[in-house]
Amino acid sequence: MSDADTTDRIGVLFALRDEPNLVVRAEELGYESAWAAEGQGKSAFGKLERWAVHTHRIGLATGIVNVFSRTPAAIAQAAATLDAHSAGRAILGLGVAHPGVVEGFHGADFDRPLPRMDEYIELVRRYLCGDPEGFDGEFFSPSRTAFWEAFEPERASIPIYNGALGPANVRLTGQFADGWVPNLYPDSQFEEALTWLADGAARADKDPEEIDVAMYVLTAVDEDPARARRAAAEHVAYYLRDIPGYYDRAAEQAGYEEVVDAVRAAPSLEAGADAVADGLLDRLAVVGTPTEARAQLAHLRDIGVDLPIVRAPAGSDREWVERTLAAFAPSR
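This section reports on the structure supplied with the text. (Residues numbered from 1 in each chain as written. Predicted model: local features only at pLDDT ≥ 70, side-chain atom pairs only at ≥ 80, totals over all residues. Heavy atoms only, no water.)

Inspection of every chain in the model, using the stated rule, returns 1 cavity of 30 Å³ or more. Together, Leu 184, Leu 240, Tyr 247, Ala 251 and Leu 284 line the largest cavity. (1 Å grid on protein atoms, 1.4 Å probe; cavity = no way out; pocket = protein on both sides within 12 Å on 5 of 7 lines; lining within 4 Å. Points joined across faces, edges and corners; volume = space filled by probe spheres on them.)

What follows concerns the environment of Leu 297. Mapped onto the elements, Leu 297 comes out in helix H13 (residues 290–302). By relative accessible area, which is 5% here, Leu 297 ends up buried. Residues Leu 297 and Arg 323 lie 26 residues apart in sequence; the distance between their C-alpha atoms is 15 Å. (Helix = DSSP H or I, 4+ residues; strand = E, 2+ residues; numbered from the N terminus. Buried < 20%, exposed > 50% of the residue type's maximum accessible area, 1.4 Å probe, protein only.)

It is worth spelling out the layout of surface pockets at this point. Here the largest pocket defines a volume of roughly 900 Å³. Lining the largest pocket are 37 residues, and of these Leu 16, Ala 37, Gly 39, Tyr 239 and Arg 311 sit closest to its centre. Contributions of two or more residues to the lining of the largest pocket are made by strand E1 (11–13), strand E4 (65–66), helix H8 (225–242) and helix H14 (318–328). In terms of residues, the lining of the largest pocket owes the most to one element, H8, which gives 3 residues. Looking at the lining of the largest pocket residue by residue, the classes come out as 23 nonpolar, 10 polar and 4 charged. The calculated volume of the second largest pocket comes to roughly 340 Å³. (Nonpolar A, V, L, I, M, F, W, Y, C, P; charged D, E, K, R; others polar.)

Omega for the peptide link from Gly 63 to Ile 64 comes to 0 degrees, which places this bond in the cis form. Tracing the backbone through its elements, the reader meets Ile 64 in the loop between strand E3 (59–62) and E4. Phi angles above zero are rare outside glycine, and Ala 87 is one such case at about 55 degrees. Here Ala 87 shows up in the loop between helix H3 (72–85) and strand E5 (90–95). Of note in this structure, Arg 112 is not a glycine but carries a positive phi near 45 degrees. Structurally, Arg 112 is set in the loop between helix H4 (99–102) and helix H5 (113–129).

Another aspect to go through is the packing of aromatic side chains. The tally for this structure, following the rule as stated, stands at 13 aromatic pairs. A centroid spacing of 5.9 Å and a plane angle of 80 degrees characterise the contact between Trp 180 and Tyr 185, whose relative ring orientation is edge-to-face. Judged by relative accessible area, which is 0%, Trp 180 ranks as buried. Ring centres 5.4 Å apart and planes at 15 degrees place the aromatic pair Trp 180 and Phe 190 in the stacked group. Of this pair, Trp 180 sits in strand E7 (residues 179–180) while Phe 190 sits in helix H7 (residues 190–203); the two residues are 10 residues apart in sequence, bridging distant segments of the chain. On the basis of relative accessibility, which here comes to 0%, the residue Phe 190 falls in the buried class. An aromatic cluster is defined as three or more aromatic residues linked by ring pairs; in this entry it consists of Tyr 238, Tyr 239, Tyr 246 and Tyr 247. Positioned above the aromatic ring of Trp 320 is the side chain of Arg 323, whose terminal nitrogen or guanidinium carbon lies 4.5 Å from the ring centre. (Phe/Tyr/Trp six-rings, centres within 6.5 Å; stacked < 30°, edge-to-face > 60°. Lys NZ or Arg CZ within 6 Å of the ring centre and 35° of its normal.)

What follows is the structure, given as structure tokens:
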């Protein structure tokens, strides 16, 4: 965690970027954590290992790695290694991802994702704490769940966040994970989602206040509001068009089913962006001048987001990313 006051907690998602000097700048500005996406690009752990060499305080988070492409042992090994190399700064962001990545890229079956997530979290924790006993699971049944004695993890427990969207997955997060990190989630649905999180926490006799509510926040900051809105609209259109049956569900539940249909039916990304209604955009993104954007981010804190994790729109150039870092820096 940075030296910033806890009311100023903020992280940054660099998505597919791998530029250590941007991470250094985020650390200098007081950002608490830097998150690395993976998808079908560079390994998130590989990028974070590189960033660890150049930084000293900022948390280093996978955002996210899916639970189909690696065994729980492999994820635990990678997380423990990153934690050791960064002196205890690793954060493990997990997710079930979606068929486009799991089946289309990894060639694995997108089968029973929520029971798999439950088992993954339990097994990763067993490996990290060095439980020598075996485990008889539905998906994995290792005969031992401890590293070699020559490798003692930096910490026996690394924070685990789940990138959940649907009600059952959010409840699972409350029951098993340390934090919740949704993406492109309508603020109008957030109050109800927090009840799902609390329901899950109650299953494990946990205080829901102990669960860190993070959120990837799409931000488009520009002195030209029209340019900012266009960049955000193109980002939303990309997610709704290219990842069907995932991000569209929350938007539909928020009352924007006709907008989602129009975006997906559009003949191009540009036309899809034209179809993104202002109302939906205002539910999903922080958009406008730096002053306007900071006020909108304060609203997200008011509705229950403990850790906003800001990101620039997909495809943004370096100047835009630097402007984003400057706009939301807690040290400003």
